[in-house]
Every structure is written in C-alpha cells, then in structure tokens.
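One-letter residues, chain by chain:
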Amino acid sequence: QVQLVESGGGLVQAGGSLRLSCAASGSIFSINTMGWYRQAPGKQRELVARITGGGSTNYADSVKGRFTISRDNAKNTMYLQMASLKPEDTAVYYCNANVRDGKLLGPYDCWGQGTQVTVSS
C-alpha cells in the first residue's frame, strides 16, 4: 500500500511564501502524475497544479506565476513552492499521486491527509 504525507503548511501573512512537501512511501513500483489540490471552507476541492513523471506541469489560472510545482523522483517526493500568497489561497492542501504499487496493482489514485495553509490579510 502507498501512503502520501504532506508537510509545510502553516500561517503566513499576505505576500509571504510557503513550501509544501508530499512524500510517498510504502510499496511503490512507479508514480505517474502527481498533483496538489486544495479545498477552502464551503467550496469544492480544486486542482492547484499537476506534474507528470516526465516533469510537464500545468497550473490553475489563479496560481500561475506565483506557485511552482516540482518533484524529486529519486525521493518519491513532490513540492509546491508558493509565493505572493493571498488570503484567497487559504485552504487545506491535498497531495495526489497516481501510482502502481509493488504488487503491480493499479495504477490508482492516492491522497494525503491534507495540510492547512492560512494566509492572513
């Protein structure tokens, strides 16, 4: 089974920066596309950014130019560097990965437990 653990969330003032990490562990054969999603109170979960195994990226319009997604395949870890944060970026941020596990089951989607990001005005 594959587990995803996010870290790096917290409270920051508007205009500040944070870096989120998502580490995958367990019996992993391969990880395909990974992504960051977020869910604000009373709103649906939305895609923030996504990165393929080859490094191709795409971003939500609301974060283009401010957020940067990256991954270290050797460490099975993904990152989200967030800059120029705005109060509307406040949400729980979730890590997602499309994986094939050590038993060659999948690919299937895994989710982390989420990490809170709060941006104060």
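Cut-offs and rules
- Residues numbered from 1 in each chain as written.
- Predicted model: local features only at pLDDT ≥ 70, side-chain atom pairs only at ≥ 80, totals over all residues.
- Heavy atoms only, no water.
- Helix = DSSP H or I, 4+ residues; strand = E, 2+ residues; numbered from the N terminus.
- Rg over C-alpha atoms; globule rule 2.2 N^0.38 Å.
- Contact = heavy atoms within 4.5 Å.
- Areas by Shrake-Rupley, 256 points an atom, 1.4 Å probe, with all protein chains shown as cover.
- Lys, Arg positive; Asp, Glu negative; His and termini not counted.
- Charge placed at Lys NZ, Arg CZ, Asp CG, Glu CD.
- Pairing = 2+ DSSP bridges.
- Axes fitted to C-alpha atoms, helices over the stretch in contact; angles between N-to-C directions.
- Buried < 20%, exposed > 50% of the residue type's maximum accessible area, 1.4 Å probe, protein only.
- Core = buried A, V, L, I, M, F, W, Y, C linked by side-chain atoms within 4.5 Å.

Counting its secondary structure elements, the chain contains 0 helices and 11 strands. Counting from the amino terminus, the chain carries its helices and strands in the arrangement β-β-β-β-β-β-β-β-β-β-β. For 121 residues, the compact-globule estimate of 2.2 N^0.38 gives 14 Å, and the C-alpha radius of gyration of the chain, at 14 Å, lies within 12% of that figure. Its C-alpha atoms put the chain at 50 × 25 × 20 Å along the principal axes. Counting only contacts in the chain whose residues sit at least 6 apart along the sequence, the fraction spanning at least 24 positions is 55%. For the chain, the exposed surface amounts to about 6,200 Å²; the carbon and sulfur share of it is 47%. Taking the average location of the 12 positive side-chain charges in the chain and that of its 8 negative ones, the two points are 2 Å from each other.

Pairing in this open sheet of 4 strands is antiparallel, and the strands run β1-β3-β8-β7 from one edge to the other. Looking at the sheet topology across the chains shown, the edges are occupied by β1 (2–7) and β7 (67–72). Pairs of neighbouring strands in the sheet enclose a mean axial angle of 15°, with direction left out of account. The pairing of strand β3 (residues 18–26) with strand β8 (residues 77–82) spans 6 bridges and is classified as antiparallel. Paired with Ala23 across the strands is Thr77, a residue of β8.

What follows concerns unusual backbone geometry. Put simply, Gly106 and Pro107 share a cis peptide bond, and its omega is 15°. Relative to the helices and strands, Pro107 is located in the loop between β9 (91–101) and β10 (108–111). Positive phi values are uncommon outside glycine, yet Ser84 reaches one of about 50°. Considering the arrangement of structural elements, one finds Ser84 in the loop between β8 and β9. In this structure, Leu104 takes a positive phi of about 65° despite not being glycine. Take Leu104: it is sitting in the loop between β9 and β10. Judged by its relative accessible area of 48%, Leu104 falls in the partly exposed class.

With that out of the way, let us pick up the nonpolar core. One finds Trp36, Val48, Phe67, Met78, Leu80, Met82 and Tyr93 to be the most contacted residues of the largest nonpolar core, which totals 30 residues. With 5 residues, the single largest contributor to this core is β9. Contacts of Met78, omitting those with residues within four sequence positions, involve Leu20, Ser21, Cys22, Met34, Gly35, Trp36, Ile51, Ile69, Ser70, Arg71, Cys95 and Asn96.

Everything listed here is a matter of coordinates, which is why it stays silent on function.
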